Amino acid sequence: MQQWIDKLILRLPARLRWLLILPIAFVADLAAQSIYQVIFRVVPFAALRPYTDELIWRFFAPLIFVVAGVKMAPQYWFAVACFLTGFKAVVAGVNIYTLSLYLVRGGSLKAPAYITEAPVWWSLLVQLLFLAFALFIIAKDQNIRKVPTENAPILDF
């Protein structure tokens, strides 16, 4: 499957690949949410559902967003990774700020978060986990610092 996707990407002109970075990232984000929803619906424990929803929407899908966008980029992989991570980090930052403000105003860590109904502590933890993991990948992944070559024209994760 990965080889098929790589061949498809390589057929696209570089300018089109630049234009498709954000749309592909958003489509991949949506696909990741959908696939994980199907997978986690099989889990028979309804009590786990809010936790898995939060994990999907706040951790897995944003990571797929970044990976898909960087994969589409014809070059400057590191800069694209930083930009896309920054985009999702702003979203996570706003969510963390909102939840923190709720807590400062007397809210409970055990109260359900607005959309997923997971506890606020879990929502904060998952979003902080995304930020930490994304920063770790950007800091440590040597592949995104490479320049495209004839042998490696697409970023390989």
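Data block above holds the structure.
All of these numbers come straight from a predicted model, not from anything done at the bench.

**Q** Which residues make up the overall build of the protein, and what are the values?
**A** Looking only at helices and strands, the protein features five helices and zero strands. In the protein, the order of α-helices and β-strands from amino to carboxyl end is α-α-α-α-α. Out of the 157 residues belonging to the protein, those deemed buried represent 36%. By sequence separation, contacts in the protein at least 24 residues apart represent 69% of the contacts at least 6 residues apart. Summed over all atoms, the accessible surface of the protein reaches about 9,900 Å², with 70% contributed by carbon and sulfur.

**Q** Outline the pattern of salt bridges, listing residues and values.
**A** For the structure on display, the rule yields four salt bridges. Where lysine 71 meets aspartate 6, a salt bridge forms, and the shortest distance between an N and an O atom there is 3.0 Å. Taken together, the positions of lysine 71 in helix α3 (residues 49-72) and aspartate 6 in helix α1 (residues 2-11) put the pair 65 residues apart, joining distant regions of the chain. Here lysine 71 matches aspartate 6 in class, with each residue buried. For arginine 49, the salt bridge is made with aspartate 53, and the minimal N-O distance between the two is 3.0 Å. Here arginine 49 pairs with aspartate 53, and both are found in helix α3, just four residues apart, close to one helical turn. Given a relative accessible area of 24%, arginine 49 falls into the partly exposed group.

Cut-offs used in this document
- Along each chain, the written sequence defines residue order, and numbers are assigned to residues from 1.
- Where totals are concerned, whole chains, interfaces and linings use all residues; where local detail is concerned, this predicted model gives features only for residues with pLDDT of at least 70, and gives and counts side-chain atom pairs only at 80 or more.
- Note that the side-chain values use all heavy atoms of the structure and ignore hydrogens as well as water.
- Put simply, DSSP H or I for four residues or longer makes a helix, DSSP E for two residues or longer makes a strand, and each gets a number counted from the N terminus.
- We call a residue buried when its accessible area falls under 20% of the maximum for its residue type, exposed when it is over 50%, and partly exposed in between, using a 1.4 Å probe and counting protein chains only.
- In this description, contact between two residues means that some pair of their heavy atoms is separated by no more than 4.5 Å.
- Residue exposure ignores everything except the shown protein chains as possible cover, and the areas themselves are Shrake-Rupley values with a 1.4 Å probe.
- Think of a salt bridge as a Lys or Arg side-chain nitrogen and an Asp or Glu carboxyl oxygen that are within 4 Å of each other.

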